[in-house]
Amino acid sequence: MRQVHYERSGGPEVLELVSVEAPTPGPGELLVRVEAIGVTLPVVRKVREQRAPIALGGEVAGEVVAVGEGVEGWAPGYRITGLVFGPGYAEYALLSAAMATPIPDGASAVDAVALVRSGLVALGALDAASPQQGESTLITAAASGVGHLAVQLARVRGAGRVVGAVSDPAKADFVRQLGADEVVGYGQESWGEPVDYVLDAVGGDLLTPAIAALVPGGRLVAYSSGGGAIQAYDLLVGAKSVVGFQLARIARGQPDRYEHWRQELWQYFASGQLRPAVHAEFALEDAAEAHAVIERRANLGKVVLIP
């Protein structure tokens, strides 16, 4: 089978397509013929930053072709999506049965990789903010794979005012079409009227203006892998708070809550209240181009690979 691989850290140019043997499912695993792969910022960052190469895993969707020992509830022919921790940029991938979720009728594999993982992060970050009906929110990276869903989910969940923050003013119309009332640029001196909570996917230097954008007593949820530091005084003076959100922790420790979120996402999708946007679909051999789009922060919605 074909698989995207790299030997040394670096930019998109280090990715190459190789031919390898298809894997065999072990106990508790499913072998999936991959139809769509979600490209994420964390994986793109790791290719550039990790000293040793990592498996290019992440979100996949496709059809089960074989099941490992001890697997119950799944069989060849099932259409599923889930998170792959081993090689996932490939024509076939191994997925833990515990991480699999069915793709409902009426949804494509591309819909699934654009919706489920990114939607779970968006919905989880939103819940971590403990929003009250009618409260206002600001969402950074509002045009990203996660951010564009967070904008829609905040609106569906009853936010009174939704502000999207973006790196490029050219993304403003896209974010407004998602339901944002206002759009601000990262470089603006002020992000407008303060909000009750911020969902931050960027981190780094953006944390300072994000904290400044909160009302007294406001909350910031950080769910990025971008790092950054916050001055304690900035929290103290306005009685503001920061909470970190990590989806893997919920998946491991609160599986019922995780499953509830998955069902909620598909319900919103089926009702038309939540629509994942796909920026572009790239062939597997064009994975470097897909990574370049993410690095440039040029995407409006999800970037997807098609084997």
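The sections below set out a description of the structure shown in this document. All of these numbers come straight from a predicted model, not from anything done at the bench.

## Focus: the overall build of the chain
A count of helices and strands for the chain gives nine helices and 15 strands. Scaling as 2.2 N^0.38, a compact globule of 307 residues should have a C-alpha radius of gyration of about 19 Å, and the chain matches this with 19 Å. With respect to the principal axes defined by its C-alpha atoms, the chain has extents near 60 × 40 × 35 Å. Going through the 307 residues of the chain one by one, you find that 51% of them count as buried.

## Observations regarding the sheet that holds strand 11 (residues 195-200)
What the six strands build is an open sheet, ordered 10-9-8-11-12-13; its pairing is parallel. Each edge of the open sheet is held by one strand with a lone partner, namely strand 10 (182-185) and strand 13 (241-244). Each strand axis lies, on average, 20 degrees off the axis of its neighbour in the sheet, ignoring direction. Of the pairings in the sheet, the one linking strand 8 (residues 136-139) to strand 9 (residues 161-166) comprises four bridges and is parallel in character. Opposite S136, over in strand 9, you have R161 as the bridge partner. The strands touched by helix 3 (residues 147-156) are strand 8, strand 9 and strand 11; relative to strand 8, the strand with the most contacts, the crossing angle is about 175 degrees.

## Brief notes about the pattern of salt bridges
Taken as a whole and assessed by the stated rule, the structure comprises twelve salt bridges. Ionic pairing is found between K302 and E59, a salt bridge with its closest N-O pair at 2.8 Å. Taken together, the residues span a long stretch of sequence, with K302 in strand 15 (residues 302-306) and E59 in strand 4 (residues 58-67) at a distance of 243 residues. K302 gets classed as buried once you look at its relative accessible area, which sits at 3%. E59 sits in the buried class, given a relative accessible area of 3%. In this structure, R161 and E182 form a salt bridge, with 2.8 Å as the shortest nitrogen-oxygen distance. Here the residue R161 occupies a position in strand 9, and E182 occupies one in strand 10, the gap between them amounting to 21 residues.

## Regarding the packing of aromatic side chains
Evaluated as defined, the whole model comprises three aromatic pairs. Judged by centre distance (5.8 Å) and plane angle (75 degrees), the ring pair of W74 and Y78 falls under edge-to-face. The class of Y78 is partly exposed, set by a relative accessible area of 40%. Plain terms: the ring middles of W266 and F269 are 5.5 Å apart, the flat faces sit at 90 degrees to each other, and that makes the pair edge-to-face. Separated by three residues within a single helix, W266 and F269 lie in helix 8 (residues 255-271), roughly one turn from each other. Its relative accessible area of 12% is what places W266 among the buried residues. Over the face of the ring belonging to F269 we find R275, whose NZ or CZ atom lies 4.7 Å from the ring centre.

## Some remarks on helix 8
Between the first and last C-alpha of helix 8 there are 24 Å, a value that for 17 residues agrees with the 24 Å anticipated at 1.5 Å per step. Residues Y258, W261, R262, E264, L265, W266, Y268 and F269 constitute the buried set of helix 8. Buried residues along helix 8 sit in contact with strand 7 (100-102), helix 2 (109-128), helix 3 and helix 7 (247-253). Among the residues trailing helix 8, G272 stands out with phi positive, at a value near 85 degrees.

## Section: the packing of helix 2 against helix 8
Relative to each other, helix 2 and helix 8 sit at 120 degrees, their axes nearing to 9 Å. Judged on the interaxial angle alone, helix 8 and helix 2 are oblique. The element helix 2 and its partner helix 8 pack so that their crossing is right-handed. The segment helix 2 lies against helix 8, with D111, A112, L115, V116, R117, G119, L120, L123, G124 and D127 engaging R257, Y258, W261, R262, E264, L265, W266 and F269. The class makeup of the residues in the contact of helix 2 with helix 8 is ten nonpolar, two polar and six charged.

Criteria and cut-off values
- Residues numbered from 1 in each chain as written.
- Predicted model: local features only at pLDDT ≥ 70, side-chain atom pairs only at ≥ 80, totals over all residues.
- Heavy atoms only, no water.
- Helix = DSSP H or I, 4+ residues; strand = E, 2+ residues; numbered from the N terminus.
- Rg over C-alpha atoms; globule rule 2.2 N^0.38 Å.
- Buried < 20%, exposed > 50% of the residue type's maximum accessible area, 1.4 Å probe, protein only.
- Pairing = 2+ DSSP bridges.
- Axes fitted to C-alpha atoms, helices over the stretch in contact; angles between N-to-C directions.
- Contact = heavy atoms within 4.5 Å.
- Salt bridge = Lys/Arg side-chain N within 4 Å of Asp/Glu carboxyl O.
- Phe/Tyr/Trp six-rings, centres within 6.5 Å; stacked < 30°, edge-to-face > 60°.
- Lys NZ or Arg CZ within 6 Å of the ring centre and 35° of its normal.
- Expected span 1.5 Å × (residues − 1).
- Parallel < 35°, antiparallel > 145°, perpendicular 65-115°, else oblique.
- Left-handed = near helix turned anticlockwise from the far one by under 90°.
- Nonpolar A, V, L, I, M, F, W, Y, C, P; charged D, E, K, R; others polar.

Everything listed here is a matter of geometry and, on its own, says nothing about what the molecule does.
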